[in-house]
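Chains, contacts and geometry: an overview
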Amino acid sequence: LGCLSLRRFLRACARPLRPSLRVNETKSQKSVMQQLQSDGWRLTPVPWCGDAFFVRSQSGSVEFGGNLSHLTGEIYSQEVTSMLPVEALRAALAARPKANKSTTNRRHAALLP
């Protein structure tokens, strides 16, 4: 990295991370987002992750650990950088050609004793 690029990178690393949450689609009700908004949360979708949101509250505090949706497991706190590996894997798997069943079964059979 050049000197200017290194300074920009270090400044970016020093900025605080935006609070974010992820919706547990296996547990959440369809109304969970509406409920969070009516509780005073401002939700902005994470552009590259369909079930994640940046979070702000009207009061300025971003502690939703006591929120009923969090306690029931419908939502959970997760930093967006922790979402990247899963999204990258999903994209890679989606881009792979599909294996046919007979080839897949032969591969699995070769692994068995």
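Now for a quick tour of the structure. (Residues numbered from 1 in each chain as written. Predicted model: local features only at pLDDT ≥ 70, side-chain atom pairs only at ≥ 80, totals over all residues. Heavy atoms only, no water.)

**A word on the environment of isoleucine 75**
- Inspection of the secondary structure puts isoleucine 75 in strand S4 (residues 75–77).
- Overall, the relative accessible area of 1% leaves isoleucine 75 in the buried class.
- Along the primary structure isoleucine 75 and arginine 22 are separated by 53 residues, whereas in three dimensions their C-alpha atoms are 5.6 Å apart.
- Not counting residues within four places of it along the chain, the set of residues in contact with isoleucine 75 comprises Leu21, Arg22, Val23, Asn24, Val32, Leu36, Phe64, Ser69 and His70. (Helix = DSSP H or I, 4+ residues; strand = E, 2+ residues; numbered from the N terminus. Buried < 20%, exposed > 50% of the residue type's maximum accessible area, 1.4 Å probe, protein only. Contact = heavy atoms within 4.5 Å.)

**Let's talk about the side chain of glutamate 74**
- Relative to the assigned elements, glutamate 74 resides in the loop between helix H3 (68–71) and S4.
- Buried glutamate 74, no salt bridge; nearest opposite-charge side chain is lysine 27, N-O distance 9.7 Å.
- Discounting residues that sit within four places of it in the chain, glutamate 74 has contacts with Arg22, Val23, Asn24, Lys27, Ser28, Gln29, Val32 and Ser69. (Lys, Arg positive; Asp, Glu negative; His and termini not counted. Salt bridge = Lys/Arg side-chain N within 4 Å of Asp/Glu carboxyl O.)

**Focus: the sheet that holds S4**
- Spatially, the four strands line up as an open sheet ordered S2-S3-S1-S4, and their pairing is antiparallel. The strands lining the two open edges of the sheet, one partner per strand, are strand S2 (41–45) and S4. Adjacent strand axes in the sheet meet at a mean angle of 35 degrees when their direction is disregarded.
- For strand S1 (residues 20–23) and S4, the ladder comprises three bridges, and the chain directions are antiparallel. (Pairing = 2+ DSSP bridges. Axes fitted to C-alpha atoms, helices over the stretch in contact; angles between N-to-C directions.)

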